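# A structural walkthrough
Residues per chain are reported as follows:
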Amino acid sequence: MSGAAGEATEVDAVFERHRARVFAVAYRILGSASDAEDVVQEAWFRWRGSDVSAIRNPEAWLVTTVARLGIDQLRAARARRETYIGSWLPEPIVSAALETEPTPEERLSLADDISMALLHVLERLAPEERAAFLLHDAFDYDYGELAALLGKSEAACRQTVSRARKRVQDAHPRFDTSAREHLRLANAFSAAIASADPQALIDCLSEDVVFYSDGGGKAIAALNPLFGPDHVTRFFMGILKKRPQNFITLPATVNGLPGFVMQDENGVHSALSFGVSDGRISTLYMIRNPDKLTRIEMP
């Protein structure tokens, strides 16, 4: 292997070591896995075009680059989301279902919260607020690093993070249940859907349940949030009346929490994520926009 080829291989290897972390930053800033991949790809091009030997801390350089690209991308995305048809929900990250209570190691791996509830709340923040809050609270950036990234003083960054944190805490639902209880309710809801049993659905829901669904004008969804178990149940019964015979529900982990995926003859129909409080489902997030389901692969 020539010297130049060896250097290129090492440059790529360094980037790959940090790919998961920079994707995590991009996804949390953007709420879109496909947009996050685009940002990570652009960061890779910039990394390959830089004098890597002069970069003392590759991880910090890459995270900073991705964060700046993410802020710019989010500003452009906000304009599109203002004309979005119905509720806009983040693109889900779906993996195999957790069948048991997470181990301490699994809890640690899920420490960076990507729940649909939190990402939904983060949509209320301005792009720089969102990035500053996430980098400080989720990725341990100090205020000096934020100041360099955002081009602001440390005092201004401290104020930005504090303001964003308060807005998140005021709006973010407090879920106070164990993973086992969350899983039990997700399975009960899935079973109620499979049997099209309206009373079983109602029994899973809290009295003040809120349901958000995202069809993007490309799939049937409620244009506005639905409130209360009766309205939520009627919506699901309407979907189930039109379901094909091969319609199935599959347990899955959706953004780090138990949920499920619906499939029909055309593939993935929707992904559902839940928030649970006091032994009942208090929020539901249903992603139906087919553009946001393309990355989901179920067995």
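Residues numbered from 1 in each chain as written. Predicted model: local features only at pLDDT ≥ 70, side-chain atom pairs only at ≥ 80, totals over all residues. Heavy atoms only, no water.

## Brief notes about the confidence of the model for the protein chain
Quick reminder of the rule: Confidence of the prediction at every residue is given by pLDDT, a number between 0 and 100. In this description a helix means any DSSP run of H or I spanning at least four residues, a strand means any run of E spanning at least two, and both kinds are numbered starting from the N terminus. We call two residues in contact when some of their heavy atoms are within 4.5 Å.
Overall, the prediction assigns the protein chain a mean pLDDT of 87, with 90% of residues at 70 or greater. For the protein chain, the element scoring lowest by mean pLDDT is helix H4 (residues 104–109), at 42; strand S3 (residues 226–227) scores highest, at 97. pLDDT under 50 marks residues 104–112. Its contacts with residues more than four places away, or in other chains, come to 9 contacts.

## Focus on the nonpolar core
Selection rule: Side-chain atoms within 4.5 Å link the members of a nonpolar core, which is a set of buried Ala, Val, Leu, Ile, Met, Phe, Trp, Tyr and Cys residues. Per-residue accessibility, obtained with a 1.4 Å probe over protein chains only, is compared with the maximum for each type, and a residue is labelled buried under 20%, exposed over 50%, and partly exposed between these values.
Ile 29, Trp 47, Leu 122, Leu 135 and Leu 146 are the most contacted members of the largest nonpolar core, which has 48 residues in total. Within the residue set of this core, elements represented by two or more residues are helix H1 (3–30), helix H2 (33–48), helix H3 (58–82), helix H5 (116–122), helix H6 (127–137), helix H7 (143–150) and helix H8 (154–171). In terms of residues, this core owes the most to one element, H1, which gives 11 residues. When neighbours within four sequence positions are excluded, Ile 29 is seen to be in contact with Ala 67, Gly 70, Ile 71, Leu 74, Arg 130, Ala 131 and Leu 134. One finds Ala 192, Leu 240, Phe 260 and Ile 281 within the second-largest nonpolar core, a separate group that totals 27 residues.

## Some details on the sheet that holds strand S6 (residues 267–277)
We apply this condition: Paired strands, as defined in this entry, are two strands with at least two bridges between them according to DSSP. Angles shown run from 0 to 180 degrees and are taken between the N-to-C directions of axes, each axis being a line fitted to C-alpha atoms and, for helices, limited to the stretch in contact.
Strands sit in the order S1-S4-S5-S6-S7-S2-S3 across an open sheet of 7 strands; the sheet is mixed. Lying at the two open borders of the sheet, with one neighbouring strand each, are strand S1 (94–96) and S3. The sheet contact formed by strand S2 (residues 205–214) and strand S7 (residues 280–287) spans 6 bridges and is parallel. Note on S7: the bridge partner recorded for Val 210 is Thr 283. Seen against the sheet, helix H9 (residues 179–195) touches S2, strand S4 (248–254), strand S5 (257–264), S6 and S7 and runs at an angle of roughly 20° to S5. Those strands touched by helix H11 (residues 229–241) are S2, S3, S5, S6 and S7, and its axis lies near 45° from that of S2.

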